[in-house]
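Here are the chains, one letter per residue:
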Amino acid sequence: MILALAGGVGAARFLRGLVRVVDPTSVTAVVNTADDDRFHGLCVSPDLDTVTYTLAGAEHPEQGWGLADETFTVMDSLDRFGADTWFRLGDRDLATHLYRTRRLDEGATLTEVTAEITTAWGIATTILPMSDDRVATRVTVSRDGGRREVLAMQEWFVRERANPPVVAVEFAGAEAARPGPNVLALIAAADIVLVCPSNPVISIGPILAVPGIREALVARRDRVVGVSPIISGAPVKGPADRLMGPLGIEVSCVGVARTYAEFCGTLVIDAGDAGRAAEVNAAGVRAVVADTLMTDARVAAAVAQHTLDAVA
Ligand code: GDP
Ligand code: CA
């Protein structure tokens, strides 16, 4: 059994490759839920949905969120009322959030609802929220003149386009959160634990902040292998650099290695970063060099195979 820690797009692309090279039913993805929030009264779980839609082959090909061939009639109609629509939800995507919200209101757990949604999409891989308890990423930013303000993750990332400089990041509710049912047992039992190429601060960070998960990973360190989301000193996509820098993490595969060193024995770094392998090794993490830019599902499958081979 392969267990994968996952954020959104980077993880989804990697997982789509992974299920081409191993039996999809042998894979369990534990997904970040600290980006979850309510919009228009609906419970939205961006990373769970990105992984779900991508494994279903229904994701929007470029956007990085939502479904392909989506329409926005509801959002456009809300504009009539002057409602806040900076967080765009497509018409078909809205069905997911309507369903999730109703089931949670009925008392189902997020783990249960996620299983219902992934089954409905015909996904053979198990997708688990990191926790059924609410954890929320909060980004403290510095405004002009130095005033500090705390923003919800989506306010910073979507509404303000990740522009305000970041001073601090916290995961509200994490200390009291419990790992999702089975998450710790699956980490303990997995043959291999993968850390997908995801944002180290706001995708993998919240998973590690749920009490018990980091310790469970440390115990499996020899079987934990990560893929660096940073190639040649920059993220492939997304704001990882705007979060790592201010938090004192070098924006490089070496910075990722240092951040993961306690629980991750091996890190796959891109061929373009081969010159930094010695520094990754010096951080106590075995560097494995491979092409890691996932331009399509075939390439992603090759990246996944390299990653598995790294701990074979
Ligand atoms: P988000 O919630 O959509 O931002 O999702 P993630 O945290 O999973 O993904 C963002 C991270 O994935 C970024 O740091 C990217 O650099 C990384 N990423 C995206 N595509 C690729 C790729 O093809 N190769 C590698 N190595 N990293 C990637
Ligand atoms: Ca995310």
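Throughout what follows, the structure given in this document is the object of discussion. Just so you know, these numbers come straight off a predicted model, no measurement behind them. (Residues numbered from 1 in each chain as written. Chains lettered and ligands numbered in written order. Predicted model: local features only at pLDDT ≥ 70, side-chain atom pairs only at ≥ 80, totals over all residues. Heavy atoms only, no water.)

## Observations concerning the coordination of the calcium ion (ligand 2)
The test is simple: Distances up to 2.8 Å from the metal define which N, O and S atoms are donors, and 3.2 Å serves for Na, K and Ca; water is absent from the atom set, so sites may look incomplete. Working definition: helices are DSSP H or I runs of at least four residues, strands are E runs of at least two. Numbering for both runs from the N terminus. Only protein chains enter the area calculation, which uses a 1.4 Å probe; residues under 20% of their type maximum are buried, those over 50% are exposed, and those in between are partly exposed.
Ligation of the calcium ion (ligand 2) by protein atoms is provided by Asp35 (OD), Asp47 (OD) and Asp47 (OD), these donors lying 2.1 to 2.8 Å from the ion. Here the residue Asp35 occupies a position in the loop between strand 2 (27–31) and strand 3 (37–39), and Asp47 occupies one in helix 2 (residues 46–55), the gap between them amounting to 12 residues. Per residue, the accessibility class of Asp35 equals that of Asp47, and both read buried.

## Things to note about the site of ligand 1
Cut-off, in case you're wondering: Residues are labelled near a given molecule or strand when at least one of their non-hydrogen atoms is within 4 Å of it. Polar contact is the term for a pair of N or O atoms within 3.5 Å; when the atoms are in protein, one must be able to donate a hydrogen and the other to accept it, and sequence-neighboring residues count only if both atoms are side-chain atoms. In this description, accessible areas are obtained by the Shrake-Rupley approach with a 1.4 Å probe, and a residue is regarded as covered only by the protein chains that are shown. An automatic or database domain assignment provides the domain bounds reported here.
Every one of the 21 residues lining ligand 1 counts as a neighbour, but Asn199, Ser203, Pro229, Val236 and Met294 are closest to it. Residue Val236 places a main-chain N or O atom 2.6 Å away from an oxygen atom belonging to ligand 1. Between ligand 1 and the protein, one listed contact pairs a nitrogen atom with a backbone N or O atom of Thr292 at 2.8 Å. Considering ligand 1 on its own, with 590 Å² of exposed area, one finds that the protein chains cover 93% of that surface. Ranked by residue count, the leading element in the shell around ligand 1 is helix 1 (residues 9–21), at four residues. Looking at which domains feed residues into the shell around ligand 1, each of domain 1 (2–129) and domain 3 (189–199 + 216–310) supplies at least three.

## Let's talk about the state of the cysteines
Note the cut-off: The term disulfide is used for any two cysteine sulfur atoms that are within 2.5 Å.
Overall, the coordinates contain zero disulfides when judged by the stated rule. You can see Cys253 has no disulfide; the closest cysteine sulfur is in Cys264, sitting 12 Å from it. Residue Cys253 is classed as buried on the basis of its relative accessible area of 1%.

## Describing the pairing of strand 6 (residues 136–142)
We apply this condition: In this analysis, strands are considered paired if DSSP registers two or more bridges between them.
Counting buried residues along strand 6, five of its seven residues qualify, which places the element largely inside the surrounding structure. Here six bridges tie strand 6 to strand 8 (residues 166–172), and the two strands are oriented antiparallel to one another. Note that in strand 8 the partner of Arg138 across the bridge is Glu170. Two strands pair when backbone bridges link them, and strand 6 and strand 7 (residues 148–152) are joined in this way by five bridges, in the antiparallel orientation. Pairing of Ser142 across the sheet is with Arg148, part of strand 7. Linking strand 6 back to strand 7 in an antiparallel pair, the connection comprises five residues, with Gly145 at a positive phi of about 90°.

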